[in-house]
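Reading the structure
Residues per chain are reported as follows:
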Amino acid sequence: MVIYPHPDDESFGAAGTITKFREEGVPVTYLCGTLGEMGRNMGSPTFANRETLPEIRKEELINACEALDIELQMLGYRDKTLEFEDRQMVANHLKGLLEDINPSLVITHYPEHAVHPDHNALGAAAIEAVRLMDEDKRPVVWVQAITNNYDEELGKPDVRNDVTAYFDQKMKAIVAHKSQADGILGKFRENSEITADIEEAAKQRLGTEQFYIWNY
Ligand SMILES: [Zn+2]
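Okay, so let's go over this structure. Model, not experiment: these values are computed from the prediction.

1. Examining helix H1 (residues 9–23)
With 15 residues, H1 ought to run about 21 Å at 1.5 Å a step, and its terminal C-alpha atoms sit 20 Å apart, in line with that. The largest bend in H1 amounts to roughly 70° and is located at Ala-15. Residues of H1 that are buried include every one of Asp-9, Glu-10, Ser-11, Gly-13, Ala-14, Ala-15, Gly-16, Thr-17, Ile-18 and Thr-19, and no others. Just downstream of H1, Gly-25 is the residue with a positive phi angle, here 85°.

Spelled out as structure tokens, the structure:
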């Protein structure tokens, strides 16, 4: 089970790991916290506005999950407000879903090391949800830190997945989030000379997915 707040967190953050699991026949469900409806990217050239963005991002999310061949559940929280939700209420909501779906592994963000307040808040609620479960029924929890200097602060991640073998699948999922990815991909197209370099840089940056194992 993957628990992140925004459409595209799953594709940029964990698509390689998800693909690896899917190829091994492991079912994956993405619990997506919000529709990212407060996002500032409206496509390039612009094809969304504040009113149409939620619907567009929802469709992109559905397409990305289809590309990744995973189940999707939208949690219905409001973008950029997760930090103001009652943590226990969100944790109880997630606990119910955990008990229904019964995953062996949960992937979420590392609270206070995940840059965005929504990432920190939903990561903390997911960790709390698992803590509320009976100890013998708890899934393993992998948390993803994305601050620039997280390894200086937290030490080496416990799990380091080289996902370069799944890079094409990961790009397919990222590209499904057209409103978010277009700016980056436009730069690829504008200057074909540097495309190879950019692709190499992207491969390096997106080619590894790292997680810490949460210690209860
Ligand atoms: Zn996000």
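2. What to know about the nonpolar core
Ranked by size, the top nonpolar core spans 26 residues in total, and within it Ile-3, Leu-31, Leu-94, Leu-98 and Val-106 carry the most contacts. Counting residues per element, the ones that place at least two in this core are helix H3 (87–101), helix H4 (117–131) and strand E5 (140–144). Broken down by element, this core gets its largest block of residues, seven residues, from H4. What Leu-98 contacts, discounting residues up to four positions off in sequence, is Met-1, Pro-103, Val-106, Ala-129, Val-130, Met-133 and Pro-139. The next biggest cluster of nonpolar side chains, apart from the first, holds 18 residues, and it includes Ala-14, Ile-18, Tyr-30 and Leu-105.

3. A look at the packing of aromatic side chains
Counted according to the given criterion, the structure contains six aromatic pairs. For the ring pair Tyr-4 and Tyr-30, a centre distance of 6.4 Å and an interplane angle of 70° mean the geometry is edge-to-face. Of the two residues, Tyr-4 is situated in strand E1 (residues 2–4) and Tyr-30 in strand E2 (residues 29–32); the sequence distance between them amounts to 26 residues. Comparing Tyr-4 with Tyr-30, the two get one shared label, buried. Each member of the aromatic cluster is reached from another via a ring pair, and the members are Tyr-110, Tyr-150, Tyr-212 and Trp-214.

Parameters and conventions
- Residues numbered from 1 in each chain as written.
- Predicted model: local features only at pLDDT ≥ 70, side-chain atom pairs only at ≥ 80, totals over all residues.
- Heavy atoms only, no water.
- Helix = DSSP H or I, 4+ residues; strand = E, 2+ residues; numbered from the N terminus.
- Expected span 1.5 Å × (residues − 1).
- Bend = angle between axes of the 7 residues up to and from the residue.
- Buried < 20%, exposed > 50% of the residue type's maximum accessible area, 1.4 Å probe, protein only.
- Core = buried A, V, L, I, M, F, W, Y, C linked by side-chain atoms within 4.5 Å.
- Contact = heavy atoms within 4.5 Å.
- Phe/Tyr/Trp six-rings, centres within 6.5 Å; stacked < 30°, edge-to-face > 60°.

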